[in-house]
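Examination of the molecular architecture
The chain contents come next:
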Amino acid sequence: MSKMDWVKDELKQLKESGRYVPIRVLQSPQGAWVKIEGRNLLNMCSNNYLGLANHPEVREAMKKAVDEYGVGAGAVRSIAGTMEIHIKLEEKIAHFKHMEDSIVYQGGLLANLGTIPALVGKDDVIFSEELNHASIIDGVRLSGATKIVYSHLDTKDLENKLKENRRSGMKSLIVTDGVFSMDGDIAPLNEIADLGIKYDSMVYVDDAHGEGVLGRNGRGIVDHFNLVDKVDIEMGTFSKAIGVMGGFVAGSHDLIDYLKQRARPFLFSSALNPPEIAAIMKSIEIMERDDSLLRKLWDNSKFLKEGLSSLGFNTGKSKTPITPVIIGDEKKTVEFSNALYREGVFASPIVYPTVPKGTARIRLMPSAIHSKEDIQFAIDKFQKIGKEMKII
Ligand SMILES: Cc1ncc(COP(=O)(O)O)c(C=O)c1O
């Protein structure tokens, strides 16, 4: 018996319960089609909504920045890792989001882990949406604040919980995903923002899947609902529609000034690399100047959803391009994904604990770089396998 034998047992259990997800290795850049194990597959599961991860202008911007700034930032932001280009990006985001200021982090997950504990502590209270992303849940845990979970999209439940638990003398934070990453539905942020005012609670939205997808030119959920003055903390990521890496928080000057003194990933982990920043700035510039990618993304999403639901698949209640095909049983879902893979469609299964038990799904992510023929290819393969497996 070795003291590490438990790892083998854990792996065995994962495999037996159908929750072991094989990790596919891409041998090509992100695109509508990708190469895996030497084969070309239709890519239906990246978050590369606008196709910016391999956009020629974005690639060029990154290469140029290597010559101008080198490859690394060399230090944490608060010591020697803040270069001019970091500040330029923070100004650009603030401008894009119509917020006063912003702080850039090394990832979206780190933005949540760093910001939430800087805002509230053990004497405070957080009202957290039931289906919030894992990085919010971990940020809430790290803060040590009392956590009150309210039901999915249910502002009545939120208000009841605020009435019961919001007391004077403590800080209060309402935190929600903007677009729910596994279901594609949208938080009623306008009502949440009103409750924030009524119950003197800060409002924090994670817009990872709203960026580049909702609002004018993809400005995100706050712009979509026109809530610039009512949402206190707008968090986002550069790793999805923007196609690169990193995260940010936008808000008031004071908030950002304070986070730069208190957020631990800013203080204790080295800064985002300058070439990544140059690429992010180029992506935002492309989004600002032209919304044709955004419109194509929505066209493709509509076509995909209509095609799948007309075949009888359960595509949930998504209001955004995220298209869950809910199968339910975990083993069947993994089997379905493997069959798609054999047929030339790359679409990973999503199982517990990422989604609740019994709601296992294939989550499809259409992109602006898919053609109509690509989307039809995916629909046809779903039809074939769905019939073979007696799901439709
Ligand atoms: C809602 C949400 N928040 C945060 C993150 C983390 O972002 P990143 O991948 O940039 O760390 C993700 C990505 O999975 C997400 O879906």
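Residues numbered from 1 in each chain as written. Predicted model: local features only at pLDDT ≥ 70, side-chain atom pairs only at ≥ 80, totals over all residues. Heavy atoms only, no water.

**A few points about the sheet that holds strand S13 (residues 360-364)**
Strand order in the open sheet made by the three strands is S10-S13-S12, with antiparallel pairing throughout. Where the open sheet ends on each side, the last strands, each with one partner, are strand S10 (323-328) and strand S12 (349-350). Sheet analysis places S10 next to S13, joined by five bridges and oriented antiparallel. Across the sheet, residue Thr323 finds its bridge partner in S13, namely Leu364. On the sheet, helix H14 (residues 330-343) packs against S10, S12 and S13 and is oriented at approximately 35 degrees with respect to S13. (Pairing = 2+ DSSP bridges. Helix = DSSP H or I, 4+ residues; strand = E, 2+ residues; numbered from the N terminus. Contact = heavy atoms within 4.5 Å. Axes fitted to C-alpha atoms, helices over the stretch in contact; angles between N-to-C directions.)

**Some remarks on helix H1 (residues 5-16)**
With twelve residues, H1 should reach 16 Å at 1.5 Å per residue; the first-to-last C-alpha distance of 17 Å fits that figure. Looking one or two residues beyond H1, the residue adopting positive phi is Gly18, at roughly 75 degrees. (Expected span 1.5 Å × (residues − 1).)

**Considerations on the sheet that holds strand S1 (residues 33-36)**
Taken together, three strands build an open sheet; the order of strands is S1-S2-S11 and the sheet is mixed. Of all strands in the sheet, those bounded by a partner on one side alone are S1 and strand S11 (345-346). Sitting on the sheet, H14 is in contact with S1, strand S2 (39-43) and S11, with an inclination near 125 degrees to S2.

**A few points about the domain arrangement of the chain**
Along its sequence, the chain is organised into domain 1 (19-49 + 291-388) and domain 2 (56-289). Using C-alpha coordinates to define each centre, domain 1 is positioned 27 Å away from domain 2. Each side of the interface is counted separately: domain 1 has 21 residues, and domain 2 has 18 residues. Surface buried jointly by domain 1 and domain 2 totals about 1500 Å² across both partners, of which 63% is contributed by carbon and sulfur atoms. Here Arg361 makes a salt bridge to Asp183, at a shortest N to O gap of 2.9 Å. (Domains from an automatic or database assignment. Buried area = accessible area lost by both parts, 1.4 Å probe. Salt bridge = Lys/Arg side-chain N within 4 Å of Asp/Glu carboxyl O.)

**With respect to the site of the ligand**
Surrounding the ligand, one finds 14 residues, the nearest of these being Gly108, Asp206, Thr237, Ser239 and Lys240. His133 has a polar side-chain atom sitting 3.3 Å from an oxygen atom of the ligand. Between the ligand and Thr237 there is a distance of 2.7 Å, counted from an oxygen atom to a side-chain nitrogen or oxygen. Relative to its free-state accessible area of 390 Å², the ligand is covered by the protein chains to the extent of 82%. Residues that form the shell around the ligand fall into these classes: two nonpolar, nine polar and three charged. (Near = heavy atom within 4 Å. Polar contact = N/O pair within 3.5 Å; in protein donor to acceptor, adjacent residues only side chain to side chain. Areas by Shrake-Rupley, 256 points an atom, 1.4 Å probe, with all protein chains shown as cover. Nonpolar A, V, L, I, M, F, W, Y, C, P; charged D, E, K, R; others polar.)

**Quick look at the pairing of strand S3 (residues 101-105)**
Among the five residues of S3, five are classified as buried, and the element is accordingly described as predominantly covered. Residues Asp101, Ile103 and Tyr105 point to one face of S3 and Ser102 and Val104 to the other, with burial holding for every one of them. Bridge count for S3 against strand S9 (residues 247-251) is five bridges, and the pairing is antiparallel. Bridge pairing links Ile103 to Val249 in S9. (Buried < 20%, exposed > 50% of the residue type's maximum accessible area, 1.4 Å probe, protein only.)

**Observations regarding the pairing of strand S7 (residues 202-206)**
Counting buried positions over the five residues of S7 gives four, a clear majority of the element. Pairing analysis gives five bridges linking strand S6 (residues 172-177) to S7, with the strands arranged parallel. Counted as the bridge partner of Asp177 is Asp206 from S7. At this point the chain moves from S6, through helix H8 (residues 189-198), to the parallel S7, and the crossover so formed is right-handed. Inspection of the sheet shows S7 paired to strand S8 (residues 233-237) by three bridges, in the parallel sense. Note that in S8 the partner of Tyr204 across the bridge is Ile233. (Right-handed = clockwise from strand over helix to strand, strands pointing away.)

**Overview of the layout of surface pockets**
Size it by volume and the largest pocket reaches roughly 540 Å³. A breakdown of the residues in the lining of the largest pocket according to their chemical character gives eleven nonpolar, seven polar and six charged. Each of domain 1 (19-49 + 291-388) and domain 2 (56-289) contributes no fewer than three residues to the lining of the largest pocket. The space that makes up the second largest pocket amounts to roughly 390 Å³. Each residue belonging to the lining of the second largest pocket can be placed in one class, and the counts come to seven nonpolar, eight polar and two charged. When residues of the lining of the second largest pocket are assigned to domains, at least three map to each of domain 1 (19-49 + 291-388) and domain 2 (56-289). (1 Å grid on protein atoms, 1.4 Å probe; cavity = no way out; pocket = protein on both sides within 12 Å on 5 of 7 lines; lining within 4 Å. Points joined across faces, edges and corners; volume = space filled by probe spheres on them.)

**Focus on the packing of helix H5 (residues 108-119) against helix H10 (residues 253-262)**
Here H5 crosses H10 at 105 degrees, and the two axes come no closer than 10 Å. What the angle tells us is that H5 and H10 run roughly perpendicular. Residues Thr115, Ala118 and Leu119 of H5 touch H10, and the partners they reach there are Leu255, Tyr258, Leu259 and Arg262. Taken together, the residues of the contact of H5 with H10 break down into five nonpolar, one polar and one charged. (Parallel < 35°, antiparallel > 145°, perpendicular 65-115°, else oblique.)

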